[in-house]
Amino acid sequence: MDEFLGQLERSCVPSPQAFQYACVYSAIPLAICLFVGLLAPGFLPPPPPSWSAEQTVNYYRDHEKGIQAGAALLVCCSFFYLAFTVAISNQLQRIPNLHYTAKALQLVAGGISSTTFLWAGLILALADYRLERNIETTQLLNDLFWFFLVMGTPHLVAQYFAFGYSIFVDNSPKPQFPKAMGILNMITSVLFLPPAVAVHIVKTGPMAWDGAVSFWLPLVVWAIQMVLDFFFLVRGMSLSAERDTSVEVAIVGTCSRD
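Below is a short write-up of the structure. These figures come from a predicted structure and were not determined experimentally.

Rules used in this analysis
Residues numbered from 1 in each chain as written. Predicted model: local features only at pLDDT ≥ 70, side-chain atom pairs only at ≥ 80, totals over all residues. Heavy atoms only, no water. Helix = DSSP H or I, 4+ residues; strand = E, 2+ residues; numbered from the N terminus. Buried < 20%, exposed > 50% of the residue type's maximum accessible area, 1.4 Å probe, protein only. Areas by Shrake-Rupley, 256 points an atom, 1.4 Å probe, with all protein chains shown as cover. Patch = residues over 30% accessible without salt bridge, like charges linked within 9 Å, V, L, I, M, F, W, Y side chains within 5 Å. Salt bridge = Lys/Arg side-chain N within 4 Å of Asp/Glu carboxyl O. Axes fitted to C-alpha atoms, helices over the stretch in contact; angles between N-to-C directions. Parallel < 35°, antiparallel > 145°, perpendicular 65-115°, else oblique. Nonpolar A, V, L, I, M, F, W, Y, C, P; charged D, E, K, R; others polar. Polar contact = N/O pair within 3.5 Å; in protein donor to acceptor, adjacent residues only side chain to side chain. Contact = heavy atoms within 4.5 Å. Phe/Tyr/Trp six-rings, centres within 6.5 Å; stacked < 30°, edge-to-face > 60°. Expected span 1.5 Å × (residues − 1).

**Looking at the overall build of the chain**
Then, in step 1: Along the chain, the regular secondary structure elements total eleven helices and zero strands.
Then, in step 2: Here the chain holds 258 residues, and the buried ones make up 43% of them.
Then, in step 3: For the chain, the exposed surface amounts to about 13300 Å²; the carbon and sulfur share of it is 70%.

**Things to note about a nonpolar patch on the surface**
Then, in step 1: Among the surface-exposed residues, Tyr25, Ile28, Ile32, Phe35, Val36 and Leu39 lie close enough to one another that they form a single nonpolar patch of about 540 Å² accessible area.
Then, in step 2: Looking at the nonpolar patch, the element that brings in the most residues is helix H3 (residues 27-39), giving five residues.
Then, in step 3: By the element assignment, Ile32 lies in helix H3.

**Some points on the packing of helix H5 (residues 64-92) against helix H6 (residues 100-129)**
Then, in step 1: Taken N-terminus to C-terminus, the directions of H5 and H6 make an angle of 175°; their axes are 8 Å apart at the nearest point. In this view, H5 runs roughly antiparallel relative to H6, as classed from their interaxial angle.
Then, in step 2: Considering only residue class, the contact of H5 with H6 consists of 16 nonpolar, eleven polar and three charged.

**Regarding the side chain of Ser113**
Then, in step 1: Residue position: Ser113 is located in helix H6.
Then, in step 2: Under the relative-accessibility criterion, Ser113 is labelled buried at 1%.
Then, in step 3: A distance of 2.8 Å separates the side chain of Ser113 from the backbone oxygen of Ala109, its partner in a polar contact.
Then, in step 4: Setting aside anything within four residues of it in sequence, one finds Ser113 in contact with Tyr81, His155, Leu156 and Gln159.

**What about the packing of aromatic side chains?**
Then, in step 1: A full pass over the atoms with the stated rule returns 16 aromatic pairs.
Then, in step 2: Geometrically, the ring pair formed by Phe145 and Trp146 is edge-to-face, given 4.9 Å between the ring centres and 75° between the ring planes. Take Phe145 and Trp146: they sit in the same class, and that class is buried.
Then, in step 3: Counting every residue linked through ring pairs, the aromatic cluster contains Phe43, Trp51, Tyr59, Phe145, Trp146, Phe147, Trp209, Phe215 and Trp216.

**So, helix H7 (residues 135-151)**
An α-helical segment advances 3.6 residues per turn. Residues three or four places apart therefore align on the same side.
Then, in step 1: The end-to-end C-alpha separation of H7 is 23 Å, in line with the 24 Å expected for 17 residues at 1.5 Å each.
Then, in step 2: The opening residue of H7 is Asn134, an N-cap whose side-chain oxygen sits 2.8 Å from the backbone nitrogen of Glu136.

In structure tokens form, the structure reads like this:
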């Protein structure tokens, strides 16, 4: 039995490096699930918050299957975002002289951010589950869904601020990330602030949950940032692997001479 378990471990359990790469590459299914999860219910563009309860319920009835698929995909996003956050945290560990608070803030805020997708997906599923109910109840759940998804951004502000700060303080000869990535993460952090303080006040215009400032601008910049973060995380892991190999070779060479 022990021999069988040993063989199973060697054949099925990925190496630590492979596991790290899997966390980084979780950005790809994250992007697919989020894009399709918003596209399938027809949420690109989002339904306006100015709609009446009757208009909202009619929309849900017309897009029932798409909304069901979108809710499931948004729930899946929570897992992939959490894995990607851990991959970022792993690379931040390699930045010399980076204080623990910056690393902890990025990791904790990213963990909370993953629950945004989870709760948004669950609320969307609940809103679509019993469309024969009172129409005002469905409208309330629809409002709650968009508030969670668009207004619930302070943890993203914290995560990308900590990430950008960590990049700026990296003064090593071969930094994990270019300083431009620090600037982009800071910009993303700032862009997530307006929806957090304005979505509940207006029902039309750029600050509404379907507006340019609260929805489209943060979404587009965040998408660009995620693509670049993914690219430089892969590059950073390759650099880290080269450094680890160089250290191992140096240690072996020293031991051989001794």
